[in-house]
Amino acid sequence: MSADTDPTATRPVDEPHHEPGSRTTSAMLSSIVLGFLAVFYLVNAILLPDAAGEDGIGPKTFPLVVGIVLFCTTALGIISILRGHVDVRPVEGREILRVVWCIVLFGLYAASIFLIGFVEASAIFSMLVSMTVFGIRLSAARAVGLFVINIAIAMILFLVFDVWLNVLLPVGWLEYLVFGGLQL
């Protein structure tokens, strides 16, 4: 029995391994589904009322930009798969658990944002994702430093959405304490 016909024969390390077509097909199908979702989101963003403020930015601007970026990145993904530049591998074992855990954390974030406020929920969510999904091990000093950076970024985002984009985010005790006197 030759190495070509023996299923237990090992392949040389330098020889590339090509995945079966079913994985490429499933990646292509999921990219097409994401493409349809991107088009659906973009069309709905275009249909939003255009109530621009003095600076030309209104409630339609942010969804429209997100829709355009989502459509472009999905199109680039489909083109990359068609050209064969994407290494398609199945999600297995610990990766599946990370994906499920990330979905659970995002659900908890979406629910807690209205209970404790945008800044607080964003800082906690960012810390949990960093430590559990990405596996970053933090000492106490590094954890405090990362938490302060997360709060600063969330506060800046809060100001951008509330002041510049006129999108009201849920206010927690920290936002009220810092920005309460500004009547934002």
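Residues numbered from 1 in each chain as written. Predicted model: local features only at pLDDT ≥ 70, side-chain atom pairs only at ≥ 80, totals over all residues. Heavy atoms only, no water.

Glancing now at the overall build of the protein chain. Per the secondary structure count, the protein chain includes six helices and zero strands. Along the chain direction, N to C, the helices and strands of the protein chain fall in the order α-α-α-α-α-α. Relative to its 184 residues, the protein chain shows a buried fraction of 25%. Residue pairs in contact within the protein chain that sit at least 24 positions apart in sequence constitute 56% of those at least 6 positions apart. Of the accessible surface of the protein chain, which amounts to about 13,200 Å², a share of 71% is contributed by carbon and sulfur atoms. (Helix = DSSP H or I, 4+ residues; strand = E, 2+ residues; numbered from the N terminus. Buried < 20%, exposed > 50% of the residue type's maximum accessible area, 1.4 Å probe, protein only. Contact = heavy atoms within 4.5 Å. Areas by Shrake-Rupley, 256 points an atom, 1.4 Å probe, with all protein chains shown as cover.)

In this model, the protein chain carries an average pLDDT of 77, and 75% of its residues clear a pLDDT of 70 or more. Counted against residues more than four places away or in other chains, residues 13–21, with its pLDDT under 50, gives three contacts. (pLDDT = per-residue confidence, 0-100.)

Attention now moves to the packing of aromatic side chains. Here a ring pair, both rings aromatic, is described through the centre-centre distance and the interplanar angle of the planes. Applying the stated criterion across every chain yields a total of three aromatic pairs. Between phenylalanine 106 and phenylalanine 125, the ring centres sit 6.4 Å apart and the planes meet at 70°, which makes this aromatic pair edge-to-face. Within this pair, whereas phenylalanine 106 is found in helix α3 (residues 94–116), its partner phenylalanine 125 is found in helix α4 (residues 118–133), the two being separated by 19 residues in sequence. With a centroid separation of 4.7 Å and 25° between ring planes, the pair formed by tyrosine 109 and phenylalanine 125 is classed as stacked. (Phe/Tyr/Trp six-rings, centres within 6.5 Å; stacked < 30°, edge-to-face > 60°.)

Next up on the list: a nonpolar patch on the surface. A contiguous nonpolar surface patch, about 430 Å² in accessible area, is contributed by Ile96, Val100, Trp101, Val104 and Leu108. Residue position: isoleucine 96 is located in helix α3. (Patch = residues over 30% accessible without salt bridge, like charges linked within 9 Å, V, L, I, M, F, W, Y side chains within 5 Å. Salt bridge = Lys/Arg side-chain N within 4 Å of Asp/Glu carboxyl O.)

Okay, helix α2 (residues 61–83) next. For an α-helix, the turn length of 3.6 residues means that residues three or four places apart are oriented alike. Compared with the 33 Å implied by 1.5 Å per residue over 23 residues, the 33 Å span of α2 between its first and last C-alpha is a close match. Taken from the residues just after α2, glycine 84 is the one with a positive phi, measuring 80°. (Expected span 1.5 Å × (residues − 1).)

As a further point, take the packing of α4 against helix α5 (residues 140–164). Running from amino to carboxyl end, α4 crosses α5 at an angle of 135°, the nearest separation of the two axes being 8 Å. Of the possible angle classes, the one that applies to α4 and α5 is oblique. Once α4 is placed against α5, the crossing between them reads as right-handed. In this structure, α4 uses Phe118, Val119, Ser122, Ala123, Ile124, Ser126, Met127 and Ser130 to contact α5, whose residues at the interface are Ala143, Leu146, Phe147, Asn150, Ile151, Ala154, Met155, Leu157 and Phe158. When the residues that make up the contact of α4 with α5 are grouped by side-chain class, the tally is 13 nonpolar, four polar and no charged. (Axes fitted to C-alpha atoms, helices over the stretch in contact; angles between N-to-C directions. Parallel < 35°, antiparallel > 145°, perpendicular 65-115°, else oblique. Left-handed = near helix turned anticlockwise from the far one by under 90°. Nonpolar A, V, L, I, M, F, W, Y, C, P; charged D, E, K, R; others polar.)

We now examine the environment of leucine 169. When you line up the elements, leucine 169 lands in the loop between α5 and α6 (173–179). With 52 residues separating them along the chain, leucine 169 and glycine 117 place their C-alpha atoms 7.8 Å apart. With near-sequence residues (within four places) excluded, leucine 169 lies in contact with Phe118, Leu157, Phe158 and Phe161.

Moving on: the packing of α3 against α4. Contact geometry for α3 and α4: axes closest at 8 Å, N-to-C directions at 165°. Our classification of the angle between α3 and α4 gives roughly antiparallel. Crossing angle aside, the handedness with which α3 passes α4 is right-handed. Two secondary-structure elements touch here, α3 through Arg98, Trp101, Cys102, Leu105, Phe106, Tyr109, Ser112, Ile113 and Ile116 and α4 through Phe118, Glu120, Ala121, Ser122, Ile124, Phe125, Leu128, Val129, Thr132 and Val133. In terms of residue class, the contact of α3 with α4 is made up of 14 nonpolar, three polar and two charged.

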